[in-house]
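Structural description and commentary
Below are the chains, spelled out letter by letter.
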Amino acid sequence: MSQDNRETVADVMSTPLETISGDATVMEATKRMRETEINALVVRTSPRAIISSTDVLDAVAAGRDVSELTVSDVMTTDVETATPDLYMEEVAAMMTTYGIKHLPVVDDDYVGMVSSTDVTAHLS
């Protein structure tokens, strides 16, 4: 495959980007994920953060009462990001290296999300 035909993040990323406030409850976040059939939401904070279904599962497994937690209590901070022009093979390598399933896509600001599901669909 020539470099001109290689798929980039921009070709496969999910848009519009779903976001949530760090002050929102974990219950609100999980309801939003369920309604939109996704597994992660970008939290507009600095440093960059996301809340994923894995973050919620980890909180439950640790015995925390998720009905009393906010997004900022369980979110993952300092997340890796991708740019829209990154090739999908590079995204796959990043996800493997960092052990992650979601990469917010940033081009000055958040523009989308690429997931391990997107990578799997691209590689199949």
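Residues numbered from 1 in each chain as written. Predicted model: local features only at pLDDT ≥ 70, side-chain atom pairs only at ≥ 80, totals over all residues. Heavy atoms only, no water.

With that settled, consider the side chain of T8. Among the structural elements, T8 can be located in the segment before α1 (9-12). Discounting residues that sit within four places of it in the chain, T8 has contacts with P84, D85, L86, Y87 and M88. (Helix = DSSP H or I, 4+ residues; strand = E, 2+ residues; numbered from the N terminus. Contact = heavy atoms within 4.5 Å.)

Looking now at the packing of aromatic side chains. For the coordinates displayed, the defined rule picks out 0 aromatic pairs. Positioned over the ring face of Y87 is R6, at 3.7 Å from the centre of the ring. When the ring centre of Y110 is taken as origin, the NZ or CZ atom of R48, which lies over that ring, is 5.5 Å away. (Phe/Tyr/Trp six-rings, centres within 6.5 Å; stacked < 30°, edge-to-face > 60°. Lys NZ or Arg CZ within 6 Å of the ring centre and 35° of its normal.)

Let us look at the packing of helix α5 (residues 88-98) against helix α6 (residues 116-123). Viewed as axis vectors pointing N to C, α5 and α6 meet at an angle of 130°, and their least axial separation amounts to 10 Å. The pairing of α5 with α6 is recorded here as oblique in orientation. Between α5 and α6 lies a crossing of left-handed hand. Residue-level contacts link M88, E89, V91, A92 and M95 of α5 to S116, D118, V119 and H122 of α6. Looking at the contact of α5 with α6, its residues break down into 5 nonpolar, 2 polar and 2 charged. (Axes fitted to C-alpha atoms, helices over the stretch in contact; angles between N-to-C directions. Parallel < 35°, antiparallel > 145°, perpendicular 65-115°, else oblique. Left-handed = near helix turned anticlockwise from the far one by under 90°. Nonpolar A, V, L, I, M, F, W, Y, C, P; charged D, E, K, R; others polar.)

Sheet architecture is open: 4 strands sit in the order β1-β2-β3-β4, paired in mixed fashion. Edge positions in the sheet fall to β1 (19-20) and β4 (76-77), since each of these pairs with one other strand and no more. In the sheet, strand β2 (residues 40-43) pairs with strand β3 (residues 49-52) via 4 bridges, with the strands oriented antiparallel. Bridging from a neighbouring strand, A40 pairs with S52 of β3. With respect to the sheet, helix α3 (residues 53-61) is in contact with β3 and β4, its orientation differing from that of β3 by roughly 65°. (Pairing = 2+ DSSP bridges.)

Here the focus is unusual backbone geometry. Here the bond from T15 into P16 is cis, since omega is -5°, no more than 30 degrees from zero. Tracing the backbone through its elements, the reader meets P16 in the loop between α1 and β1. The omega angle of the peptide bond from S46 to P47 is 5°, so this bond is cis rather than trans. With respect to the secondary-structure elements, P47 resides in the loop between β2 and β3. Its identity is not glycine, yet D108 carries a phi of approximately 70°, on the positive side. Given the relative accessible area of 79%, D108 is considered exposed. (Buried < 20%, exposed > 50% of the residue type's maximum accessible area, 1.4 Å probe, protein only.)

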